[in-house]
Every structure is written in structure tokens, then in C-alpha cells.
Amino acid sequence: GKGVDDVEIQYATKADLEKVVPLFQGYLQFYGRQFEEQEVVTFIKKRLTNDDAIILYAEHEGKAIGFTQLYPSFSSLALKRAYILNDLFVEESHRKLGAARALMEEAFVFCEQMGAAYITLETHPDNVAAQKLYEDIGMQRDDEYWHYTKEFK
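Report follows, based on the coordinates.

1. Thoughts on the packing of helix H3 (residues 99-113) against helix H4 (residues 128-136)
Next up, step 1: One can describe the packing of H3 onto H4 by two numbers: an axis separation of 11 Å at closest approach and a directional angle of 45°. Judged by the angle between their axes, H3 and H4 are oblique. Where H3 crosses over H4, the two elements pack in a sense that is right-handed. For the pair H3 and H4, contact is made by Ala100, Arg101 and Met104 and by Leu133, Tyr134 and Asp136, respectively.

Okay, here's the thing in C-alpha cells:
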């Protein structure tokens with residue numbers, strides 16, 4: 001995998017569950033979501049088994065410190081594949097190493113290789129650090145379209 005300084009980016013497989021699951025749990029905790037570990041393992045294992053997602057993870061000195069998860073989608077208007085960057089997380093103790101940037105840049109490389117029309121993500125208006133990164137690496141905020149959601153229990 002490619003990386004910045006001593007951050008290496010890897011593509012996760014089922015063999016990497018024990019590296020990815022703790023990061024995913026950290027991500028869920030950050031958003032105040034509580035799940036049993038087995039539920040998390042099952043969710044990640046299914047994504048990787050079914051090829052429902054591309055999970056990239058960052059390693060620093062042999063330790064997995066961050067990840068991003070891309071969900072495949074499509075662009076009807078471009079007649080091409082597209083990707084939704086659903087999750088991006090770096091352990092608090094390993095921030096400022098450039099891991100988030102390295103993950104994003106590898107995600108862009110992957111999307112270009114797949115002939116994708118675009119990659120998209122959403123972030124909270126308060127998350128200024130993330131917004132700065134996204135703008136630094138050439139992403140543009142969409143002020144043209146409004147985002148609607150209906151939640152199901």
C-alpha cells in the first residue's frame with residue numbers, strides 16, 4: 001500500500017477483521033452508537049464477503065490506526081459507477097500523522113481506477129477539521145442540492 005511518511009494504506013480482506021473491527025468500534029463510539037462486538041464483526045464480515053464495500057485501513061508501525069469505508073453506487077446521469085465514502089476514522093492517539101489524507105487519496109486512486117463518475121461524502125457542519133481536509137484535497141461542497149433522509153427503525 002501507498003502512504004505518507006510511515007503511514008501505509010492497505011485494502012482490507014476478511015483476514016483483516018481483527019484489525020478493522022476495533023477501528024470500526026471506535027468510529028461507532030465516536031458517534032455514540034453502542035453495539036455488541038459480534039454485531040460489528042458480522043456487519044464488517046458481510047461487507048467484505050459480499051463485496052458490498054471497499055475498506056481501506058491505515059497502518060503506522062504495524063498497527064492499524066484508521067480506516068475508510070466506500071460503498072459502491074451508480075450515477076445514472078453519467079452511466080458510471082460512483083462511490084459513497086461513508087466512514088472515515090483515525091484513532092485519536094494517531095491523528096496528525098496524515099492518515100486521513102492518505103486514506104482519502106488512496107480512495108481517489110481507487111475510484112479513478114474503477115472509472116467512477118464521482119466520490120461523495122457527508123460531514124457535520126461542525127466538523128471543521130474534516131472540511132478543511134476535504135477542501136485541501138480538491139473536494140467541493142455541494143450548495144446546490146439539499147439532502148433528505150427518512151429513517152427506518
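2. What about the pairing of strand S4 (residues 80-90)?
Next up, step 1: When strand S3 (residues 63-75) meets S4, the two strands line up antiparallel, connected through ten bridges. Bridging from a neighbouring strand, tyrosine 71 pairs with isoleucine 84 of S4.
Next up, step 2: Linking S3 back to S4 in an antiparallel pair, the connection comprises four residues, with leucine 79 at a positive phi of about 55°.
Next up, step 3: Note that S4 and strand S5 (residues 119-120) share two bridges and pair parallel. By the bridge assignment, isoleucine 84 is partnered in S5 with threonine 120.

3. Focus on helix H2 (residues 37-49)
Next up, step 1: If you check H2, its first and last C-alpha atoms are 18 Å apart, about what 13 residues at 1.5 Å a residue would give, namely 18 Å.
Next up, step 2: Taken as a whole, H2 has its buried residues at Val40, Val41, Ile44, Arg47 and Leu48. Angular distribution of buried residues about the axis of H2 spans 135°; they occupy a single face of the element.
Next up, step 3: Contacts from the buried residues of H2 go to helix H1 (17-30), strand S2 (54-60) and S3.
Next up, step 4: Within two residues after H2, aspartate 51 carries a phi angle of roughly 55°, on the positive side.

4. Thoughts on the packing of H1 against H2
Next up, step 1: Close contact between H1 and H2 brings their axes to 10 Å; oriented N to C, the two are set at 115°. The handedness of the crossing between H1 and H2 is right-handed. Counting all contacts with H1, which are made through Leu17, Val20, Val21, Phe24, Gln25 and Leu28, the residues of H2 involved are Glu37, Val40, Val41, Phe43, Ile44 and Lys45.
Next up, step 2: A class-by-class count of the residues in the contact of H1 with H2 yields nine nonpolar, one polar and two charged.

5. Quick word on the environment of lysine 63
Next up, step 1: Summarising the element assignment, lysine 63 is placed in strand S3.
Next up, step 2: Given a relative accessible area of 37%, lysine 63 falls into the partly exposed group.
Next up, step 3: Spatially, the C-alpha atom of lysine 63 lies 9.9 Å from that of glutamate 8, the residues being 55 residues apart in sequence.
Next up, step 4: Those residues in contact with lysine 63 that sit more than four places away from it in its chain are Ala58, Glu91 and His94.
Next up, step 5: At a separation of 2.9 Å, a polar atom in the side chain of lysine 63 contacts the side chain of glutamate 91.

6. A few points about the environment of alanine 12
Next up, step 1: Along the polypeptide, alanine 12 turns up in the loop between strand S1 (7-11) and H1.
Next up, step 2: Overall, the relative accessible area of 13% leaves alanine 12 in the buried class.

The rules behind these values
Residues numbered from 1 in each chain as written. Predicted model: local features only at pLDDT ≥ 70, side-chain atom pairs only at ≥ 80, totals over all residues. Heavy atoms only, no water. Axes fitted to C-alpha atoms, helices over the stretch in contact; angles between N-to-C directions. Helix = DSSP H or I, 4+ residues; strand = E, 2+ residues; numbered from the N terminus. Parallel < 35°, antiparallel > 145°, perpendicular 65-115°, else oblique. Left-handed = near helix turned anticlockwise from the far one by under 90°. Contact = heavy atoms within 4.5 Å. Pairing = 2+ DSSP bridges. Expected span 1.5 Å × (residues − 1). Buried < 20%, exposed > 50% of the residue type's maximum accessible area, 1.4 Å probe, protein only. Arc of directions from axis to C-beta. Nonpolar A, V, L, I, M, F, W, Y, C, P; charged D, E, K, R; others polar. Polar contact = N/O pair within 3.5 Å; in protein donor to acceptor, adjacent residues only side chain to side chain.

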